[in-house]
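Listed below, chain by chain, are the residues.
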Amino acid sequence: MLLRHTTENIIDRTALTINPAKTCQPIGAMYAALGVHGCLPHSHGSQGCCSYHRSALTRHYKEPVMASTSSFTEGSSVFGGQANLLQAVETIFQVYNPDIIAVHTTCLSETIGDDVNQIAQKARDDGKVPAGKYLIHCNTPSYVGSHVTGYANMVTSLVKHFSAKSVSKKNQVNVISGWVEPSDMREIKKLAAEMNAKIVLFPDTSDVMDAPMTGKHEFYPKGGVTIPELISTGYSKSTIGLGPFCTEDAAILLDNKCKVKFDILEIPIGLKATDNFIMTLSRAAGVQVPDSITAERGRLIDMITDMHKYLFGKRVALYGDPDILVPLTEFLLTLDMKPVYIVSGTPGKRFDASMSKLLNKAVPKAKYKNGERADMYLMHQWIKQEPVDLLIGNTYGKYISRDENIPFVRLGFPILDRVGHSYFPTVGYAGAMHLLTNILNAIMDKQDRDCPEEKMELVM
Ligand code: SF4
């Protein structure tokens, strides 16, 4: 038993998190910045933070992640990192020639109180930012929030620095993407193109974090939302934010700054959330839903109907990011499964409200919690008290899955020990079929493995 120290007996903890269901803020800021074409994320802090953030992203996406650091030493840790950042900006533009440097802070630079806004302005005033190039920043102290908060902060910073106001609106819709895989961003663009809806998707990590192998190294891959597109988000007639935790702040700022009204939806995971996205996009862009998308929806429903008997009543534990967990819970309910334990390390009152709305009637005994004490240790304790039939979450769940012999579907960030997540979408109807296939395979593989010989069936 790898997790043999997990007790069944739950003691209320006020100051200890064990195996958190989150990671640190700057990782989110770095991932969001990589969704902008020609952008180099810059970590304002010590080298160790930057190395960790890069390696976490590299291990998940299996792509090299470029980022620079202010390389704090003892001196900058005591006297502040202004000199390091000013020097870094000058050197980076000279040597690596990005279009944008996107600075995020770390625990260290936040604790010593570096005013990054003032330093960035000084860099511009001192002529360290060449004409046509940009320096943007956001604050990501990692002793609050999570990687989700960091992502949201960088996305909001994109709006703050780029979106331009215009009296005449363009016939285009902004789609602010929550933290999803590059494959998901590609799928959202594919759906919009199929509907003939003109969208600006930002951030967009497709063709950056899933770039094809061409034999030639591109320091700045061809993907990512461009600066003119980001500027034009202020001219769009409306905005759709996918995932309230990641996108609502940016959508509100865009409305306040440029008068672009918005809808905040759940990430289109599963049938209902995808229906909602398709109908909202159809209304916002003034386009019809084509037959091809209706047919794809029909295929998903057919698959659910065919396989319902393997799903009905199955108890599921899930953990990860709230923007994924809410629509995933809704999808599991659509499948007549029972999401019984749900934890997210990301704080925010909205989580409780969304979960109680979904679960209070459908699964009244479900336990759900978010914030600092909502860790994987607690979820494991719940599982020990009453087991589940399926576990869904990032790679860290493999220990619980092994110890408790629970079928396991990897979903969310990070996935360090498998591939496919960055290539096959989870969003949209096609994504829901892919997710459903993974769920069914996990459940049916266990049945084949564990059933008595006389119960082994060729056709299940
Ligand atoms: S938690 Fe803070 S100190 Fe640790 S890697 Fe993240 S930013 Fe750096």
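Here's a quick rundown of the structure. Since this is a predicted model, take the numbers as computed values, not measurements.

### Remarks on the environment of proline 244
So, step 1. Considering the arrangement of structural elements, one finds proline 244 in helix H10 (residues 244–258).
So, step 2. The spatial distance from the C-alpha of proline 244 to the C-alpha of phenylalanine 351 is 9.9 Å, given a sequence separation of 107 residues.
So, step 3. Residues within four places of proline 244 in sequence aside, it is in contact with Ile264, Leu265, Glu266, Asp323 and Arg350.

### Some words on the pattern of salt bridges
So, step 1. Under the criterion given, the structure shown has 20 salt bridges.
So, step 2. In this structure, glutamate 372 engages arginine 373 in a salt bridge whose closest nitrogen and oxygen atoms are separated by 3.2 Å.
So, step 3. Its salt-bridge partner being lysine 398, residue aspartate 417 comes within 2.9 Å of it at the nearest N-O pair. Here the residue aspartate 417 occupies a position in the loop between strand E13 (408–410) and helix H17 (428–450), and lysine 398 occupies one in helix H16 (residues 398–404), the gap between them amounting to 19 residues.
So, step 4. For lysine 398, a relative accessible area of 31% puts it in the partly exposed group.
So, step 5. Via salt bridges that share partners, Arg186, Asp207, Asp210 and Lys222 belong to a single interconnected network.

### Quick word on a nonpolar patch on the surface
So, step 1. On the surface, a cluster of nonpolar side chains totalling about 310 Å² of accessible area is made up of Leu2, Tyr396 and Tyr399.
So, step 2. Mapped onto the elements, leucine 2 comes out in the segment before helix H1 (25–34).

### Digging into helix H11 (residues 271–285)
So, step 1. With 15 residues, H11 extends 21 Å between its outermost C-alpha atoms, agreeing within 8% with the 21 Å of an ideal straight helix rising 1.5 Å per residue.
So, step 2. For H11, the tally of buried residues reaches 11 of 15 residues, placing the bulk of the element in the interior.
So, step 3. Along H11, the positions that sit buried rather than exposed are Leu271, Ala273, Thr274, Asp275, Phe277, Ile278, Thr280, Leu281, Ser282, Ala284 and Ala285.

### Notes on the packing of H11 against helix H13 (residues 322–334)
So, step 1. At a closest axis distance of 7 Å, the pairing of H11 and H13 adopts a crossing angle of 120°. Together, Leu271, Lys272 and Ala273 of H11 and Pro327, Glu330, Phe331 and Thr334 of H13 make up the contact between the two elements.

### Concerning the site of the ligand
So, step 1. Surrounding the ligand, one finds Cys24, Pro26, Cys49, Tyr52, His53, Thr106, Cys107 and Ser142.
So, step 2. Per-element tally for the shell around the ligand: the top contributor is helix H2 (residues 47–61), with three residues.
So, step 3. A class-by-class count of the residues in the shell around the ligand yields five nonpolar, three polar and no charged.

### Considerations on the pairing of strand E9 (residues 315–319)
So, step 1. Most of E9 sits inside the fold, with five of its five residues counted as buried.
So, step 2. Across the two faces of E9 the burial is the same, with Arg315, Ala317 and Tyr319 and Val316 and Leu318 all buried.
So, step 3. As defined by bridge partners, E9 adjoins strand E10 (residues 338–344) across five bridges and the pair is classed as parallel. Each residue of the ladder has a partner; that of tyrosine 319, found in E10, is valine 343.
So, step 4. Remark: the E9/H13/E10 crossover connection has right-handed handedness.
So, step 5. Pairing geometry for E9 and strand E12 (residues 390–393), over three bridges, is parallel. Within E12, the residue paired with alanine 317 across the bridge is leucine 391.

### Some points on the side chain of histidine 42
So, step 1. With respect to the helices and strands, the residue histidine 42 is situated in strand E1 (residues 39–44).
So, step 2. Owing to a relative accessible area of 0%, histidine 42 belongs among the buried residues under this scheme.
So, step 3. Separated by 2.7 Å, the side chains of histidine 42 and serine 68 make a polar contact.
So, step 4. Side chain to side chain, histidine 42 and serine 70 meet in a polar contact 2.8 Å long.
So, step 5. Once you skip the residues sitting within four places of it in the chain, histidine 42 turns out to touch Ser68, Thr69, Ser70, Leu85, Ala88, Ile92, Ile101, Ala102, Val103 and His104.

Procedures and definitions
Residues numbered from 1 in each chain as written. Predicted model: local features only at pLDDT ≥ 70, side-chain atom pairs only at ≥ 80, totals over all residues. Heavy atoms only, no water. Helix = DSSP H or I, 4+ residues; strand = E, 2+ residues; numbered from the N terminus. Contact = heavy atoms within 4.5 Å. Salt bridge = Lys/Arg side-chain N within 4 Å of Asp/Glu carboxyl O. Buried < 20%, exposed > 50% of the residue type's maximum accessible area, 1.4 Å probe, protein only. Patch = residues over 30% accessible without salt bridge, like charges linked within 9 Å, V, L, I, M, F, W, Y side chains within 5 Å. Areas by Shrake-Rupley, 256 points an atom, 1.4 Å probe, with all protein chains shown as cover. Expected span 1.5 Å × (residues − 1). Axes fitted to C-alpha atoms, helices over the stretch in contact; angles between N-to-C directions. Near = heavy atom within 4 Å. Nonpolar A, V, L, I, M, F, W, Y, C, P; charged D, E, K, R; others polar. Pairing = 2+ DSSP bridges. Right-handed = clockwise from strand over helix to strand, strands pointing away. Polar contact = N/O pair within 3.5 Å; in protein donor to acceptor, adjacent residues only side chain to side chain.

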